[in-house]
Structure formats: C-alpha cells, structure tokens
Amino acid sequence: MLVMLACGALLLLAVGAGWQWRRHALAIPGWARDELDTRSGRARCLVWFLAVAVLTGLAVGVFVVGPAGRLAMRLLAATSPDAQGRITEADQIVGQISLTGTIGFVLFVGLPFGLAAGLAYALASFVVPRGLLGGALFGLAALVVVGAVVDPLRGDNPDFAIVGPGWLSITTFAVMAVLAGALTAPIAGRLGAAIGRPSHWWWLWLVPLDLFTFAALSIVSLVFAGIVAACLAVLALVLVLSPWSPAFRRRTAQLGRALASIAVLVSVPGFVSALAAIVD
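Procedures and definitions
- Residues numbered from 1 in each chain as written.
- Predicted model: local features only at pLDDT ≥ 70, side-chain atom pairs only at ≥ 80, totals over all residues.
- Heavy atoms only, no water.
- Helix = DSSP H or I, 4+ residues; strand = E, 2+ residues; numbered from the N terminus.
- Buried < 20%, exposed > 50% of the residue type's maximum accessible area, 1.4 Å probe, protein only.
- Polar contact = N/O pair within 3.5 Å; in protein donor to acceptor, adjacent residues only side chain to side chain.
- Contact = heavy atoms within 4.5 Å.
- Expected span 1.5 Å × (residues − 1).
- Bend = angle between axes of the 7 residues up to and from the residue.
- Axes fitted to C-alpha atoms, helices over the stretch in contact; angles between N-to-C directions.
- Parallel < 35°, antiparallel > 145°, perpendicular 65-115°, else oblique.
- Left-handed = near helix turned anticlockwise from the far one by under 90°.
- Phe/Tyr/Trp six-rings, centres within 6.5 Å; stacked < 30°, edge-to-face > 60°.
- Core = buried A, V, L, I, M, F, W, Y, C linked by side-chain atoms within 4.5 Å.
- Salt bridge = Lys/Arg side-chain N within 4 Å of Asp/Glu carboxyl O.
- pLDDT = per-residue confidence, 0-100.

### Describing the side chain of Asn157
One can find Asn157 in the loop between helix H5 (131-146) and helix H6 (166-194). With relative accessibility at 10%, the residue Asn157 sits in the buried group. At a separation of 2.9 Å, a polar atom in the side chain of Asn157 contacts the main-chain amide nitrogen of Asp159. Beyond its immediate stretch of four places on either side in the chain, Asn157 contacts Glu89 and Asp151.

### Some remarks on helix H3 (residues 39-78)
If you check H3, its first and last C-alpha atoms are 56 Å apart, about what 40 residues at 1.5 Å a residue would give, namely 58 Å. Along its length, H3 shows its largest kink, about 45 degrees, at Gly61.

### Digging into the packing of H3 against helix H7 (residues 203-220)
Between H3 and H7, whose axes approach to 11 Å, the crossing angle comes to 55 degrees. Considering the angle they form, H3 stands oblique to H7. H3 and H7 meet at a crossing whose hand is left-handed. Note on element contacts: H7 touches H3 through Trp205, Leu206, Leu209, Asp210, Phe212 and Thr213, opposite Val47, Leu50, Ala51, Val54, Leu55 and Leu58.

### With respect to the packing of aromatic side chains
Considering all chains together, one arrives at six aromatic pairs under this definition. Taking the centre distance of 4.8 Å and the plane angle of 80 degrees together, the rings of Trp48 and Phe49 count as edge-to-face. On the basis of relative accessible area, Phe49 is assigned to the buried category, the value being 10%. On the numbers, 6.5 Å between centres and 85 degrees between planes, the contact of Phe160 with Phe173 is edge-to-face. With Phe160 in the loop between H5 and H6 and Phe173 in helix H6, this residue pair connects regions lying 13 residues apart in the sequence.

### Structural notes on the nonpolar core
In a soluble, globular protein the nonpolar side chains are often hidden away together inside. Counting 31 residues, the largest nonpolar core has Val64, Val94, Leu153, Val163, Phe173 and Phe271 as the members making the most contacts within it. Among the elements of the structure, helix H1 (2-20), H3, H5, H6 and helix H9 (246-279) are those that each provide at least two residues to this core. Among all residues touching Val64, those that are not within four sequence positions of it are Leu11, Ala14, Ala59, Gly69, Ala180 and Leu183. Judged by nonpolar contacts, the second largest core, of 29 residues, contains Leu115, Ala185, Trp202 and Leu217.

### Notes on H9
In this model, H9 (34 residues) spans 47 Å end to end at C-alpha, consistent with the 50 Å of a helix rising 1.5 Å per residue. Along its length, H9 reaches its greatest deviation from straightness, about 40 degrees, at Val268, and the proline Pro269 lies no more than four positions downstream. Among the residues making up H9, those that are buried are Phe248, Ala253, Ser267, Phe271, Ala274, Leu275 and Ile278.

### Considering the side chain of Thr184
Tracing the backbone shows Thr184 in helix H6. A distance of 2.6 Å separates a polar side-chain atom of Thr184 from the backbone oxygen of Ala180. Every residue in contact with Thr184, bar those within four places of it in the chain, is listed here: Thr56, Val60, Ala117 and Tyr121.

### Some words on the pattern of salt bridges
Scanning the entire structure with this criterion turns up two salt bridges. A salt bridge links Asp156 to Arg154; the shortest N-O distance between them is 2.9 Å. You can call Asp156 exposed: its relative accessible area is 59%. For Arg154, a relative accessible area of 12% corresponds to the buried category. Linked by salt bridges that have partners in common, Asp151, Arg154 and Asp156 make up one network.

### Examining the confidence of the model for the chain
Where the model shows low pLDDT, its predicted coordinates should not be examined in detail. Within the chain, residue pLDDT values average 86, and 96% of them lie at 70 or more. Of all the helices and strands in the chain, helix H8 (residues 222-241) carries the lowest mean pLDDT, 70, while H6 carries the highest, 94.

### Regarding the environment of Leu153
In this structure, Leu153 sits in the loop between H5 and H6. Since its relative accessible area comes to 1%, Leu153 is described here as buried. Between the alpha carbons of Leu153 and Ala277 there is a distance of 9.7 Å; along the sequence they are 124 residues apart. What Leu153 contacts, discounting residues up to four positions off in sequence, is Leu143, Gly147, Ala148, Phe160, Ser169, Ile170, Phe173, Phe271, Ala274, Leu275 and Ile278.

As structure tokens, this is what we get:
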C-alpha cells in the first residue's frame, strides 16, 4: 500500500508541476538566436537541446512513466482476481507489489521509455502544437507508432491473456500515454527556460549522462538504441552544416510534420490489429 501511495504521490507531483508550467514551451533560447549564423553557435544550440531532452526524459521516467506504469499494473491485477499468483512475461508475480520490484520497474522500464519520450519530444516539439494539447497529441502519436511494436500494447504480449479485461488494458495504457505526453511538454519547456548557455565544462556531466541514456535505451532494444543514436548523429551533422534561416526552419518543420504524419498513418493498421488481439 505504501509503495502505491508513493507512486501516486510522485504522479500527482508531476501533474501539479505540469499544470503550473503549462505556459512554458520548448523553443530556441534567446541567447542562441544571435549565434545561429555560425556552425559553432548551431552546435552549441544542439548541445543545449540534447541536455534539455535527456533531463526531461529522466524527469518523465521517474515521475510519470514509472509511477503511472506501476499503478496501471496494480489496477489490472486488481481487476483480474483469477490471475493472482501467476507469472508475467517479465517474470513478476501478479498481485505482488514490492519496493524492490517497483524500483526495478522505474529503472528498467520507466527510465528507458521516459528518456525515449524526452528525446522524441525535443524533435517533435517543432511540429506539434505548443502546450499540453500538443504534448497529448505527441503521446497519442507515439503510442500508435511504437505501442504495438515495442510496448505497452503489443498484441503478442501473453500478459493480456492473464490480466484484463482487454478494453480496460487498452484504455489504461492509452490514458497513460496521453498523460505522459501532456506532461512531457511543460516539463521540457520549464527545463529549457532554466538551462542556460552551454559552457566548456558541460562535458563533465553531459557525456556520462548521454552514455547512461544509450545504456538505458539498450534495455528496450540494442538495435533501437543504435538507430536512435545514428539518427541523432546524422540530424545533428545536417543541422550544424546547414544555415538556420527562417526559410530553412520553416521547411524543416513542414518536412517533420509530413514524416510524422506518414509514420502514424503507416502504423495505424498494425496498431488496430494489436488492439483487436488484446480485446479478443
């Protein structure tokens, strides 16, 4: 009970902070606008974005994804009395919520998915609407694109045959995804407003933090982590070499919206199929 109360308190704290910071939006900082004409200035701005994205991911993982995921698991266990004592895909016992298990869940599930959300939102923030609504749309789009492939709504996940009902599982994780996205937006905006211009000593903490991020994403999938790292490296190279004129930023945002729309549309059939498998 105390573990669940602690998870609820962390989630409520995140909701309160998100509402308090709802007017904050992630954007190019004022100090960077005067430096975008040079490659070093653009590189410094990208380092700033990376720092904001990773710190946002850590906060979302610890205060949102981890606690919300644990509460969701408890809800589904409570609605499945016949499943008590059975073993899940992650070798956990249904109905048993321990402190060590919760800490492990936050570290090995909450942090990887939180970091992925932070990195993805840093890129998507320029193609989705600002504020809580834009964050909610981001969360819903992310669920459609990766939810049926990685988690939490894989149609081949045997846990959905143990706990349920299926419609409650879908509703619970859909609400969780939308909430996580909605809170990621103001958290990223507030951190962006608080973090200043990068200095030379940043590498002392940012490099280890980036290595930790790669290791955390590797827990989900080593291939996934490699693809994310490669895409970020290529994107950073293009952005550093290209002048950030207003026309370039406008075209980049249009291209990003088009790619995001295509990704969602392509993912819809598989997502619907996964939902049908869970409900069946």
